Each structure stands twice: as structure tokens, then as C-alpha cells.
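Below, each chain spelled out in residue letters.
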Amino acid sequence: MTAELFHPAVNAWLTNTFGSATPAQAQAWPAIKSGRDVLIAAPTGSGKTLAAFMSALDTLVRAGQSAPLPDKTTVLYISPLKALSNDIQRNLEQPLEGIRDELRKRGDTDVVIRTLVRTGDTSQAERALMRKLAPHIVITTPESFYVLLGSQSGRDMLAHVRTVIVDEIHAVVGSKRGSHLALSLERLQALCAQPLQRIGLSATQKPIETVAKFLIGAKCKLRDCTIVDSGHTRERDLQIALPPSPLEAVMSNEVWEQLYDQLATLVHAHRTTLIFVNTRRHAERVARHLSERIGTEFVTAHHGSLSKERRFDAEQRLKAGQLKALVATASLELGIDIGDVNLVCQIGSCRSIATFLQRAGRAGHSVGGLPKARLFPLSRDELAECIALLDAVRRGELDHLIIPEQPRDVLAQQIVAEVAAREWNEDELFELVRGAYPYRNLRRADFDETVQLLAAGFGAKRGHLRQYIHHDAVHKQLRERRGARLTALTSGGTIPDNADYNVVLEPEGLIVGTVNEDFAVESLAGDIFQLGNTSYRIVRVEAGRVRVQDAKGMLPSIPFWLGEAPGRSDELSQSVSRLRHMLETQNDSAQSVQWLRDEVGIDAIAAQQLVDYLSAAKMALGALPTQDRIVFERFFDETGGMQLVIHAPFGSRINRAWGLALRKRFCRKFDIELQAAATEDSIIISLSTSHSFPLEEVAHYLHSRTVRDILVQALLDAPMFAARWRWNTTIALAIPRFRGGKKTPPQLQRMYAEDLLCDVFPDQIACAENLAGPREIPDHPLVQQTIDDCLEEAMDIDGLIALLKRIETKKIEIIARDLTEPSPLALQVLAARPYQYLDDAPLEERRTQAVMSRRWLDPASANDLGQLDAQAIERARGEAFPDASNADELHDALMWCGFLTEEEISANQNWLRLISELSSDR
């Protein structure tokens, strides 16, 4: 088939190199050659990138046979990672050289096809060469693509593009980064003379039709896009891996040591192992302990806080076989070519089906390769989640992508950038914006309000702050103001700035990475810390820099970085609920273990641990919580206060919303601020000794019609609002990232953001004593966008409303249990981590620290949690009644209870008989 589609030299190279086309390539090439837009969805290692590029290369080869190729860029490749961009350029060299060899063998005209990478890491010399001699293929990132669209030289180069390839499209669709890219693609289409051919590549996406609409834009019909769906399922070797000791709510140091030993054994048994963790701190920690077991020269870390040189060195060492293990965060989960990886280990649940499939696919990353991965849960609840994850993979399930709807901060930035590039009629610009799929439903009133904001300035009290465009309302024309282009180019993008300090190695002056601002400020000269599995001694801490020297392998501490943890996907939460329900329906423990082994493919040890854990939980609570049954649990702590735990396996986005709203409701009802936390499966609210209410009533404290207003007031006090306000003001260019040619320090960005908030939303930072009632939310685009981000990104307000409606219509069973001590399912939320807190109390002040519980509960001992001691009941009854043998005590008791007055007792000669009868009736 390729012989009919491609030039003979191109076809010869393909045949000699690969033999035959993969199913994805065989379906995609005819559609691409016909000029149609194409979305290719296929498992990792299916040759998607080659499927996208070969048609473009063939077109260039054919054009170069008749005349020298003009110095014009006709192919634009966009990838979400800088490393992936560099990787694609290296991998293009092989087919380009191979095709040229075939042309020489055939005696055909040689064709030189130039490629160039344009990212933030591209040197000034390479950028100057690009301006002088345009490459035929430009490989870039969404952010650098935006910069090219804003510069005149970049626009001149991109004006001739005919084909746009968006790789790993699923990695950007569900965020503001995707909305930003969609607007950039529409701006490119407006720049080019003829319609663009758009090709999207992805390994995991659902629903695929929505991703196709995102790719082609709102102006095109879905029927005009060819969807090549080879599926995401393939044969895989996936298993749970457990340390010898049973898992608990929190991993002890001893169990961690067992896990490291187990990892080292797996690394020794395989040629190359890629270990994924969820945080940069974990990456450094795991790399350190593995180094002690298999040698420092064979292990290193890879994460976003390392410099590009350190990351590139780690990738090349792994590819060359010099490393046996590489410990990475999400920085390596996409399709970077890092050589032949034999095994992937995931430490802790990654909270997403698609993320796990993407990471597992890094092993056997080739056509016909077998992905091999091992999941290491870090707690009993993670064990249930990891088993549910494997069950979801077995069933072929995928996470549902949620595309942000018309983010206004991104819109403001792109309007400034486009108007700075050329003058626009406002009606035409509105139509361009609505061509991007996330903005297909944008109202004209919202567009006009954003234009007015950019024309008049972001704050009224501070004068005309940040006026970026001139709006001629009479002629409906938009023109740039002075400084708009420079601000748009230097402050663009949607990736939030981190308050990190550069780590500078002395005396070379090389930047080796970054550490968090708080870590840098708290460090002293002489402290030793680890970065990239290398120890450094701090020489001094300066403004924005930590100057260090090589510590020559001395024992280091591990730095920390602050950030938000991703919430569990709805589909994975449903799988956890389904797993609980299926195990609850089994007749006994043995049958449950056998079901897990036969249906889910779990080994006996993991299956037995999960069954024992959930059996103990069921005996304590009377039933297992699912998405159709919510269990409310209450018990006393050591101070006499109560702890309220809501077992609801709906994921942290819904639970965080429910917990914040409930906390605000308790605050209004009892006039006291309470500590609270929310995990993927539970919510905990720490009550004082003065709270008393029927437990089952808590399910009805919130109503679906009013919960949004309550939650908005609650989130205004949460750290998420301040953080997202700062991010959004930066994205909208209200707070430029650079001033006077220098990067604005993070502390100044925070101050500028607070000043702007004081201007547009004074109630937010006003003295609480001067506020009467709820805060009044202003109708300001950035304030509204920040609230929407909190409600829909950090939380799931629609999911919470749907949940409350199901409770109100009794479609969800409610169980209330008062226990003498916490149930097994409550132990995880009692040990909640700081990012799960819903208030600002530090760890040492948490009331959950006053809860004493058993370390492990077996089914035989769990069924007495809800039972009261009969002797204790009798003792309490005896203490509640006076002693009939003490007349004075009886006299005082009768008067205190109001049974008889002093006169009645004195007048009654038979009062001792009466007291005796009352005492005997008790």
C-alpha cells in the first residue's frame, strides 16, 4: 500500500526499516495523503509519530525533485514537553538520512530537508539562524509557538505552514494550556492563506470525538476529520507488588526499607527500570535509598526542578545503558525516546487510569513490545485503589477528559498578543476566538467585557493600570498600545510561576536545578541537601539563588517542593466503589480472595490483605461505603471532643467541595471554626466537646439549591483562592512576569496580586469585623474566573450538586454509626497530609492527633466497635442515682431534680418511704 502512496525512495526506506505498516499507520496514511484532518489514537509504541510525519516528508521529497525546496516552513510539530521536542528532532534524523541514501541509490535529485527545534531552551544563535534561513519543519512547544505568533519574524516564517501536528494532545486538552493552544491554532489559521491540515496524536483519550473537535476547531465539521482509533488496549504484564509486612494507614520506616529492598531486587532482575513517583521529593528520596543498594553510578533522579542539562544527561545515560534505574515524576511519562525500558514501577497510586497506562507504556515502548509494570501501593486504601485501577484497565475503561469552558484569563492574553501583531476589527476577532473549540459558546457580552478590561485597565482605583489595547468603539477597531507586544511575549503562557530559587554550582556558576522558596529561606550555609541524586553543600543563600558546592557524597537532607496533588478521576472512583460492592456480595473471605485472583488477576497476598481490611471495615461500620451508600461515623477522641468521618468514595474533588461547604455550614450553625480534611474516600470534621446533634441529620445540612453560594463563601477563605488569583492575574497579563527586563520576584508578584485584589474585590481582604453577612462578589472577569477555577478545577461543584440531589431523593443510602473508636476506614483520613487540610491549622495543632486507635484490626476484633460494655452501662446507671442509705444525699438530690420542694419534704412524714420506693424503681 505504501508503494502507491509514497515516493519510491520513501517507500524503500520504510520497507527496509520496518517491513510493514502498523494498523494505525495503514489507516492514517491514506487519509493524511488526501489532505484530511486526522486524529490518531493508538497505544504507546504503535508508530503514531512516524504515521504523522511520513506524509509530510513525502510531500517535501516530491517537491524537491522538480526544484530546490524554498526556504519556507511548511510543517509545524507541537509537543507538550521540551524534551519530547528535542527527541523528535533526533529521531527525524534517521528517516531523513535514510531517504537521502535511497535517493542517491536511485540516482534521483538529493533533497535536503532542514529541521529546527524552537523552545525556551533554544540558543540565541539557533534563533538567529531560524530568522535568516527558515527550516522546512519546525518542532516546538505550545508556549514557544505562541511566542512565534507574536513576533514579526515568527509570523513571516509560519505564514507558509500547511501541516500542523499536535503530539500527545491528551496531555493539554483538559487544562488551560489546551485552551491557549486552541486559540493559537486559530490565530495561525488566520495568518495562513489556505486551510491547515491538522493531525493529532494520542495514546489515551475519551471521548475521542470531543478530542477530534478540539483538534479541528469549532468552524469545521466532525465528519471532515478522519479518526483512526486503534484502541488503547493491548497485552500488558501488570501486577501489584507488596512488601513482606502488611500495609497500614501510614507506611512505617521499616516497611519503606522493605519496599526499597524489593525495588532493588526488581532493578537487578531487569536491564533497565523506570520508577515513577508522584512528587519530586519522593523522586530524590527513592533515588537516594536505591543508590545505597545498587550503587550511585547506576541510579539518578529526573524531575522538573532539575536543569535541562541534568535531565538530558539522565536521559542519555539511561538510553546508553549506563543507568539501571531512573526515578522520575511526570517529566518522563510521555513518549520521549529513552531507550529500551524493561520494567516500570509506579510508587503509590497515580490517581488516573490514563496516567498509569501512559507510564506503564514506557516499558516495551516499541511496535509489538510488551509493557511490564508493577504497582506499589503505600497504604491499605491505596491497595484498594490500585486493585481497582487494574480492574478498570482489565475492563478497558478510560478517564473522561473535561475541557475548560472559555477561560477568560487565557482569552485576555491571546487578545493582547493578536492585537499587538496586527490591527483587528472586533467583529472579526470575535469570530476568530469562537473558532477555537473551548470558546465555541463564548457570548459576545463576555468578549466585549474582556476587551473593555484590556482597554480601560484592570483596576479602577489605581488608575489606568495595564492598558494594553486601544478600542475605537465607533469604527470597531482594536489596536495595540505601547508595550503590549513586549508584555505579551515575555509574560505569555498558562504554566504558573513557581516560587523557586535557582541552585547555582560554584565555582562553575552552572544552574543545576531549583528548590522551593520556603526550603531556601529556611536553609543555612553549611547545610547539605540532595538534588538529582547528588549532594550539595550550601555556600550562601541570595535573593532568588542558592549557591552550592559539591558535597562529595556526604549524607544529605531531602528538599521539599510545595504544590497541589491531583485528584482521583471519576472513573477510578467508580471502580473503587464497584470493587467494594463486588467484594461485599461475596459469601465469605475465601470466595472474595478467589474472585480477586480469578477476575482481577491479583496474587493471593494482595487479595488477602484487601479482603481482611474491607472485612474489618464492614464489621465495624455495618456496611461498606460505596457511591450508592454513604456512612457517617462519629467517635470520641482523648480530649472528649468528637470526630465526624464521612465515608464517601467520590474522589477528593467532590469530597473537598463537600467538606468545605459542610465546614462553613457548621461554622454558621454552631458559631465556631472547625478543623477539617478531605481525602479521596473520606471527609473528617473535628468537633469540640460542645457539639451535639443526631448524626444522620448531617446528610441534610446542605441542599443542592443553595450549596453553590455556601461553597463560594467557604472557598474565599481557603488558600486555593489566593493561589489561583495570582495565577490568573499573571495569565491575563494584569501582573507581568517581567518588569524592566528582569523577572518579577515571586514575593513581589504576591504583593501586586494582593493590591489588585484589594482594588477589585475589597471585601476579600477587608477586616472581618467590618463585614456584615456574606462577602459581596464583584462582577469582575478575573474574580469570576478565579472562583470558577476553584469550583470546577480544584473541586467539582457539579458533582457535589448531583450527589446532594441523590441524597435528597433517597437514591443514596445513608448509614449513621456512633463508635467507641475509629473504624479501619477512618484511619487514613485521621493521618491526612497537609495538602488535604481544609483549614490552615498546622500538623501539630490538629485535633485528629488526639485520636488513639489500634494499629491493625482483624475481622474478629472489629465487630465490637459499636458495642457498649454492659458493666460500664450498669456502673453509669448506678452513678446517676443517689444512694438510698444516705438521707442527706437523697434530700439534696430530690430538691435538685425538682421532684419535691423543701416545704413538701418537711411536711411529709413518710419521705423516707417515698425515697426508698423511687430508689427501688430505678
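This report concerns the structure included in the present document. This structure is a prediction, so every number in the text was calculated from the model and none was measured.

Taking 1.5 Å as the rise per residue, helix H22 (residues 570-584) with 15 residues should run 21 Å; its terminal C-alpha atoms sit 21 Å apart, in good agreement. Of the residues making up H22, those classed as buried are Glu571, Leu572, Ser573, Ser575, Val576, Ser577, Leu579, Arg580, Leu583 and Glu584. Next to the buried residues of H22 lie helix H15 (353-360), helix H16 (380-394), helix H23 (589-600), helix H24 (604-621) and strand E22 (629-636).

It is worth spelling out the nonpolar core at this point. Of all hydrophobic cores here, the largest spans 124 residues; its most connected members are Leu188, Ile630, Trp658 and Phe666. Each residue touching Ile630, except ones within four places of it in the same chain, is listed here: Ile646, His647, Ala648, Phe650, Trp658, Leu803, Ile807, Ile812, Glu813, Ile814 and Ile815. Core analysis: the second largest hydrophobic core is formed by 82 residues, Ala325, Leu572, Val600 and Ile815 among them.

Each strand in a sheet pairs with its neighbour through backbone hydrogen bonds, running either in the same direction (parallel) or in the opposite one (antiparallel). Judged by pairing direction, the sheet is mixed, and its 5 strands sit side by side in the order E18-E17-E21-E20-E19 without closing on themselves. Of all strands in the sheet, those bounded by a partner on one side alone are strand E18 (510-516) and strand E19 (528-531). On average, each strand axis in the sheet is tilted by 40° relative to the strand beside it, whichever way the strands run. For E19 and strand E20 (residues 534-542), the ladder comprises 4 bridges, and the chain directions are antiparallel. Counted as the bridge partner of Leu531 is Thr534 from E20. Helix H13 (residues 280-294) rests against strand E17 (500-505), E19 and E20 of the sheet, and its axis sits at about 100° to E19.

With respect to the helices and strands, the residue Glu102 is situated in helix H5 (residues 82-106). For the pair Glu102 and Val10, spaced 92 residues apart in sequence, the C-alpha separation works out to 7.6 Å. When near neighbours in sequence (up to four residues on either side) are disregarded, Glu102 contacts Ala9, Ala12, Trp13 and Asn16.

Glancing now at the pairing of strand E21 (residues 545-550). Across 4 bridges, the pairing between E17 and E21 is parallel. Looking at the pairing, Val504 lines up with Arg547 of E21. Here E20 pairs with E21 via 6 bridges, running antiparallel. Among the inter-strand pairings, Arg540 is bridged to a residue of E21, identified as Arg547.

Cut-offs applied
- Along every chain, residues carry numbers that run from 1 in the direction the sequence is written.
- pLDDT decides what is reported in this predicted model: residues at 70 or higher carry local features, side-chain atom pairs at 80 or more are listed and counted, and totals for whole chains, interfaces and linings draw on all residues regardless.
- Note that water and hydrogens are dropped before the side-chain values are worked out from all heavy atoms of the structure.
- Helix and strand definitions here come from DSSP, where helices need a minimum of 4 consecutive H or I residues and strands a minimum of 2 consecutive E residues; each element is numbered from the N-terminal end.
- By definition here, a helix of n residues has an expected span of 1.5 Å times n minus one.
- Here's how the labels work: a residue is buried when its accessible area is under 20% of the maximum for its type, exposed when over 50%, partly exposed in between, all with a 1.4 Å probe on protein chains only.
- Contact between two residues is taken to exist if any of their heavy atoms lie within 4.5 Å; hydrogens are not considered.
- Definition used in this section: a nonpolar core is a set of buried Ala, Val, Leu, Ile, Met, Phe, Trp, Tyr and Cys residues joined via side-chain atoms within 4.5 Å.
- When DSSP finds at least two bridges between two strands, those strands are taken to pair.
- Axes, fitted as lines to C-alpha atoms, cover a helix only where it is in contact. Angles between the N-to-C directions of the axes lie from 0 to 180 degrees.

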